[in-house]
Amino acid sequence: MGAESVTVCFTGNPNCGKTTLFNAYTGAGKKTANWPGVTVALSEGSLMHRGRLVHLVDTPGIYSLDPYTMEETVTRQCIRDQKADVIIHVADALLLERSLFLTMQLLAEGKPLVLALNMMDLVRERGMDIDIGRLSRLLGGIPVIPVSARRRTGLEELMDAAVEAARARRMADGSGRFVSGARYSVYRSHSAHSDGPAYGDGPSGSGGSWHGPVSARELHDRARRFAAACIRYRGSPAQNKRNTDPSVGRVLDSFTDRADRLLAHPVWGIPIFFGILALVFFLTFSAGGFLRGYFERGLAMLSAYILELLGRCRVSGWIISLVSDGILAGVGGVLGFLPNISILFLALAFLEDSGYMARIAWIMNGTMASAGLSGKAVLPVLLGFGCTVPAVLASRILENEKDRRRTILMTPFMSCSARLPVYVLFTGMFFPEASAAVIGGLYVLGVLAALGTAWAAWKAGREEPYEDILLMELPEYRWPDLGTVVSCAWERVRDYLEKAGTTIFLASLVLWFFLHLGPQGAAWDVSESFAAVLGRGLAPVLVPAGLGAWQTAVALLTGLSAKEVVVSSFFILYGAGNRGAGGGHEALAASLAAGGFTGASALALLVFCLLYTPCAAAMGAIKQETGSLRWTVGLAVYQLFLAWICAVLVYQAASRIPGLG
Amino acid sequence: MRLCDCAAGKLYMIRTVTAEETIVRRLEALGLVEGTKVHILMKKQDGSLIAAFQGTRLALGKKIAGAIEAEDCEEHGR
């Protein structure tokens, strides 16, 4: 008998470590988050187990098999699909009672089932133990395997049990029934007293109302009895139950509760959150800036080397320019803010895995309600400070399509990492003593614009008053798992590299052509290129904003490929040479001043950069997530318009201030 | 009384949940059904709260808290 392949379906509650376990088997870098809704698609992977090919499918976290939400429908489909040979239900052993609720529903599906009790190491640490044998018998004899996804224990045994369960089924009578009569009788007993269709009536028939035979309350009671029968406390009963309130069934005053008294405090929660955020930003800017220096130096060395090589090969001038100003500049543009983005995403992943991120939804729920959004919208918004692309993708957390779109509306206003070089350059040149304050102000302005836009969209949509239907599980606080944090952050960085990286790189190339080709053929002087022609056409519009030079117009245009490109464009267009070279900034400042660019213009430019249309990569992500080209274009136009108005207002006001005008 | 009118730090027993099907089911699946006793860990002025029971902690928005009828356990000597 050949070793046929087996398909294993992973199910379980959110936060139970299911995806960490899945990753441990497949080595994949899929997201793990404490937010229902982040994984709404199936993840797949495979591995060789004792010479047999095993396909693994990871389903979204669910609390029950009710077909009321997307996650549950997707999971049910996966299970009922004939291809799934065995189900592994990953359960948090610390929440045995709640987990068994789902286990029993899964049993009723009539497919081979294995229960994986995750976090068994924590159970033992807390002086408890679970009678595996008894639990298995109570559940009709299904294999119950203790594992620890983080410590990587029990993984072999689990896969052995799963494969064995799948194989055993195949040796059954072919009716599709589960193997042992004993196991099947557990399923049967659920519907013994029913006069309606059995819940999830097996492989044949269509599913009736799952409430038919057994009510949720009865199922919970049964789960409670099973759990109580199997949990053992080490040490004296008095010693262990001292802190437990039996009527509520929970440990009182645990670390999590004490921490929440501070972190989830109705009044202090918000300032503490802002403090933590400030710390994250500080890390991002300082460590990110530090790494960025190395990146730029490395890139400069690489560029020099390549150019020297090309020079030696006597390659023609325009190719050298293409490589240097097009390709290398493009790659530099992509990699330039990778350190910032990575650190920010690592920090956010750390907060997610610790359990704090869920608290943020609770803390900010009230504030977001004023813009008609749930507190859950904060995560995508926070990601927007790194890069708009992963932020747009993270909007999937919002269950409602309208809420998702309004969250997406907010993301481009968060000052992404790419805008930082623009901020740093111009505040450095025009407001050196106040640069931190100006940059901080820009960030705040972005947040306000985001909230304002979301609010306006909500009101304009004439929707009903906002209903606060936040329903969020707050997991226990735990020290984040390094592997999980890194893989979660990497997933987002990869989104950025794949989507943003390719778009930005291509856009830089296109830009190069626009800057070096003109109506009269090759244009060595940028002022004769297509870009310049376009710039001259646009410049008059920007005059009221103090940005009426064609070079500025072109530089802003180049920002459509990536905001960071605005910086290099300014250097190229104002003939200030290599920006890394000593004296580069002064030369640029001088060149700008000569063209009538004042402090007020700088402010206007900063505001314009903050608000206007996001880069092509972000636009692509937005189009993909909203599925509407019209909506995406509408957003682009809105932002352009808003940016223009604000830039004009800022310039007109600021130029009246002596010293700036 | 409705859960949104309850006091933080006290124990309540759930009586009924009157809300849209999806929400009722989700609460049921989490274990919040008639007879469940919950500790109110935290409460905000607008009525939203954090309820804890059986090792689960749930943050509930104002509307959901308002849809849950519960009775004070201490008052009723349970």
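Procedures and definitions
- Residues numbered from 1 in each chain as written.
- Chains lettered and ligands numbered in written order.
- Predicted model: local features only at pLDDT ≥ 70, side-chain atom pairs only at ≥ 80, totals over all residues.
- Heavy atoms only, no water.
- Pairing = 2+ DSSP bridges.
- Helix = DSSP H or I, 4+ residues; strand = E, 2+ residues; numbered from the N terminus.
- Axes fitted to C-alpha atoms, helices over the stretch in contact; angles between N-to-C directions.
- Salt bridge = Lys/Arg side-chain N within 4 Å of Asp/Glu carboxyl O.
- Buried < 20%, exposed > 50% of the residue type's maximum accessible area, 1.4 Å probe, protein only.
- Phe/Tyr/Trp six-rings, centres within 6.5 Å; stacked < 30°, edge-to-face > 60°.
- Lys NZ or Arg CZ within 6 Å of the ring centre and 35° of its normal.

Visitor: Which parts of the structure should I look at to understand the sheet that holds strand E5 (residues 68-72) of chain B?
Guide: Hydrogen bonding along the main chain pairs the strands of a sheet, whether they run parallel or antiparallel. If you trace the six strands from one edge of the open sheet to the other, you get E11(A)-E4(B)-E3(B)-E2(B)-E1(B)-E5(B), paired in antiparallel fashion. Edge positions in the open sheet fall to strand E11 (471-473) of chain A together with E5 of chain B, since each of these has one partner strand only. Taken pair by pair, the neighbouring strands of this sheet meet at an average axis angle of 40 degrees, ignoring direction. Strand direction decides the pairing type here: strand E2 (residues 37-43) of chain B and strand E3 (residues 49-53) of chain B, joined by four bridges, are antiparallel.

Visitor: How should I be thinking about the pattern of salt bridges in this particular structure?
Guide: Residue and element names in this part refer to chain A. All chains considered together, the criterion is met by 31 salt bridges over all chains. Residues lysine 18 and aspartate 58 are paired through a salt bridge, measuring 3.2 Å at the closest nitrogen-oxygen approach. Of the two residues, lysine 18 is situated in helix H1 (residues 18-26) and aspartate 58 in strand E3 (residues 52-58); the sequence distance between them amounts to 40 residues. Grouping residues by exposure puts lysine 18 and aspartate 58 together as buried. Between arginine 478 and aspartate 353 there is a salt bridge, and its shortest N-O distance comes to 3.5 Å. Separated by 125 residues along the polypeptide, arginine 478 in the loop between E11 and helix H21 (482-516) and aspartate 353 in helix H13 (residues 338-354) bring together distant segments of the chain. For arginine 478, a relative accessible area of 26% puts it in the partly exposed group.

Visitor: When you look at unusual backbone geometry in this model, what are you seeing that I'm missing?
Guide: Phi is positive for arginine 50 of chain A, which is not a glycine, with a value near 45 degrees. According to the relative accessible area criterion, arginine 50 of chain A is exposed, its value standing at 61%. In this structure, glutamine 54 of chain B is a non-glycine residue whose phi angle is positive, near 50 degrees. With respect to the helices and strands, glutamine 54 of chain B occurs in the loop between E3 and strand E4 (56-60).

Visitor: When you look at the packing of aromatic side chains in this model, what are you seeing that I'm missing?
Guide: The relation between two aromatic rings is expressed through the spacing of the ring centres and the mutual angle of the planes. Residue and element names in this part refer to chain A. Counted under the stated rule, the structure contains 20 aromatic pairs over all chains. With 6.4 Å between their ring centres and 5 degrees between their planes, phenylalanine 426 and phenylalanine 430 make a pair best called stacked. Taken as a pair, phenylalanine 426 and phenylalanine 430 lie in helix H19 (residues 420-430) at a separation of four residues, close to a single helical turn. Residue classification places phenylalanine 426 among the buried positions, given a relative accessible area of 0%. Ring geometry for phenylalanine 608 against tyrosine 612: centres 4.9 Å apart, planes inclined by 35 degrees, an arrangement best described as tilted. For phenylalanine 608, a relative accessible area of 6% corresponds to the buried category. Owing to a relative accessible area of 3%, tyrosine 612 belongs among the buried residues under this scheme. What links up through ring pairs into an aromatic cluster is the set Phe281, Phe285, Phe385, Tyr423 and Tyr443. The residue whose ring lies beneath lysine 459 is tryptophan 458, and the NZ or CZ to ring-centre distance is 4.4 Å.

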